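One-letter residues, chain by chain:
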Amino acid sequence: MSEPASISTGIAMRYATAIFEIAKENNDLAGLETGINDLAAALGESADLRDLIASPLISRAEQESAISAVADKMDLHAILRNTLALMAQKRRLFVVPQLVQVLRNMLADERGEVTADVASAKALTKTQLEKLSKTLSERVGKTVTINATVDESLIGGLVVKVGSKMIDSSIRSKLNSLQNAMKEVG
């Protein structure tokens with residue numbers, strides 16, 4: 001991870017921890033999750049909102065006013081609304097995308113879930129996804145949700161990432177290993 005990315009994630013982690021703990025104390029994790037999903041959808045759909053949170057040209061007061069208006073219009077969870085206003089005051093709105101991701105991870109962890117990123121050379125069938133999910137759940141000890149993508153450059157096999165662990169059984173990686181072994185021989 002690059003230094004700026006790790007700084008942004010660190011900032012997001014502190015805000016996310018505070019938001020999560022407050023929501024948990026108030027027994028309102030479901031409301032928080034709804035607000036996070038709404039905020040993520042708005043970020044995905046609105047270039048103006050992305051510009052608002054990223055632009056250093058917009059003053060603190062203008063950012064706070066605009067993000068508060070957006071939060072009110074979206075009827076966001078009070079904790080999120082207040083945190084976004086505070087983040088605008090502190091010039092920290094640029095970490096909102098990381099904040100959303102960290103909060104989603106915390107909510108999933110609270111439910112005993114984990115997401116596995118799976119890349120395959122061809123699209124996996126529903127049966128294959130179910131078997132893979134079951135196998136990973138047994139290994140990890142949590143319910144596994146699979147985020148499947150297709151990467152034809154793998155030639156065959158899978159690349160599975162669960163948290164900080166990665167399993168690469170792709171033909172591409174085996175060919176690369178064989179190529180490296182051949183270079184060492186002669």
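Since the model is a prediction, treat every value here as computed from it, not as a measurement.

Engineer: Any chance you could explain the overall build of the protein chain here in plain terms?
Structural biologist: The helix and strand inventory of the protein chain stands at 8 helices and 4 strands. Mapped from its N terminus to its C terminus, the protein chain presents α and β elements in the order α-α-α-α-α-α-β-α-β-β-β-α. Rg of the C-alpha trace for the protein chain: 21 Å, well past the compact-globule value of 16 Å for 186 residues, more than 25% over. Along the longest, intermediate and shortest principal axes, the C-alpha atoms of the protein chain span 65 × 40 × 25 Å. A burial count over the protein chain gives 31% of its 186 residues as buried. Here the contacts in the protein chain between residues at least 6 apart in sequence split such that 66% fall between residues at least 24 apart. Entry remark: accessible area of the protein chain is about 11,500 Å², with carbon and sulfur atoms responsible for 53%. For the protein chain, the distance from the average position of its 22 positive side-chain charges to the average position of its 23 negative side-chain charges is 6 Å.

Engineer: Explain the sheet that holds strand E2 (residues 143-150) to me, please; I cannot follow it from the model alone.
Structural biologist: Picture the strands of a sheet paired through backbone hydrogen bonds; they go either parallel or antiparallel. Pairing in this open sheet of 4 strands is mixed, and the strands run E2-E1-E3-E4 from one edge to the other. With one partner strand each, in any of the chains shown, E2 and strand E4 (165-168) form the two edges of the open sheet. In this sheet, adjacent strand axes meet at a mean angle of 20° when their direction is disregarded. With 4 bridges connecting them, strand E3 (residues 158-162) and E4 associate as antiparallel partners. Its bridge partner being in E4, Lys 161 is matched across the sheet by Met 166.

Engineer: Would you explain the pairing of E3 in this entry?
Structural biologist: Looking down a regular strand, the side chains alternate between one sheet face and the other. Relative to E3, strand E1 (residues 113-120) runs antiparallel, the two sharing 5 bridges. Bridge pairing in E3 links Ser 120 to Leu 158. Counting the residues that bridge the hairpin from E3 to E4 gives 2 residues, and of these Gly 163 lies at a positive phi of roughly 60°.

Engineer: What exactly am I supposed to notice about unusual backbone geometry here?
Structural biologist: Glycine aside, residues mostly have negative phi, and peptide bonds are mostly found in the trans state. Phi is positive for Asp 75, which is not a glycine, with a value near 55°. By the element assignment, Asp 75 lies in the loop between helix H4 (60-74) and helix H5 (78-89). In this structure, Ile 155 is a non-glycine residue whose phi angle is positive, near 70°.

Engineer: How should I be thinking about the environment of Ala 41 in this particular structure?
Structural biologist: Its location among the elements puts Ala 41 in helix H2 (residues 29-45). The exposure class assigned to Ala 41 is partly exposed, which follows from its relative accessible area of 36%. Separated by 15 residues in the primary sequence, Ala 41 and Asn 26 place their C-alpha atoms 25 Å from one another.

Engineer: Explain the nonpolar core to me, please; I cannot follow it from the model alone.
Structural biologist: Soluble globular proteins tend to pack their nonpolar side chains together in the buried interior. Ranked by size, the top nonpolar core spans 33 residues in total, and within it Val 96 and Leu 103 carry the most contacts. Secondary structure elements with two or more residues in this core: helix H1 (3-25), H2, helix H3 (47-54), H4, H5 and helix H6 (96-110). Once residues lying within four places of it in the same chain are set aside, the contact partners of Val 96 are Leu 39, Leu 43, Ile 53, Leu 84 and Met 87. Ala 116, Leu 136, Val 144 and Val 160 belong to the second largest nonpolar core, which has 8 residues in total.

Conventions used here
Residues numbered from 1 in each chain as written. Predicted model: local features only at pLDDT ≥ 70, side-chain atom pairs only at ≥ 80, totals over all residues. Heavy atoms only, no water. Helix = DSSP H or I, 4+ residues; strand = E, 2+ residues; numbered from the N terminus. Rg over C-alpha atoms; globule rule 2.2 N^0.38 Å. Buried < 20%, exposed > 50% of the residue type's maximum accessible area, 1.4 Å probe, protein only. Contact = heavy atoms within 4.5 Å. Areas by Shrake-Rupley, 256 points an atom, 1.4 Å probe, with all protein chains shown as cover. Lys, Arg positive; Asp, Glu negative; His and termini not counted. Charge placed at Lys NZ, Arg CZ, Asp CG, Glu CD. Pairing = 2+ DSSP bridges. Axes fitted to C-alpha atoms, helices over the stretch in contact; angles between N-to-C directions. Core = buried A, V, L, I, M, F, W, Y, C linked by side-chain atoms within 4.5 Å.

Function cannot be read off these values alone, since they describe shape.
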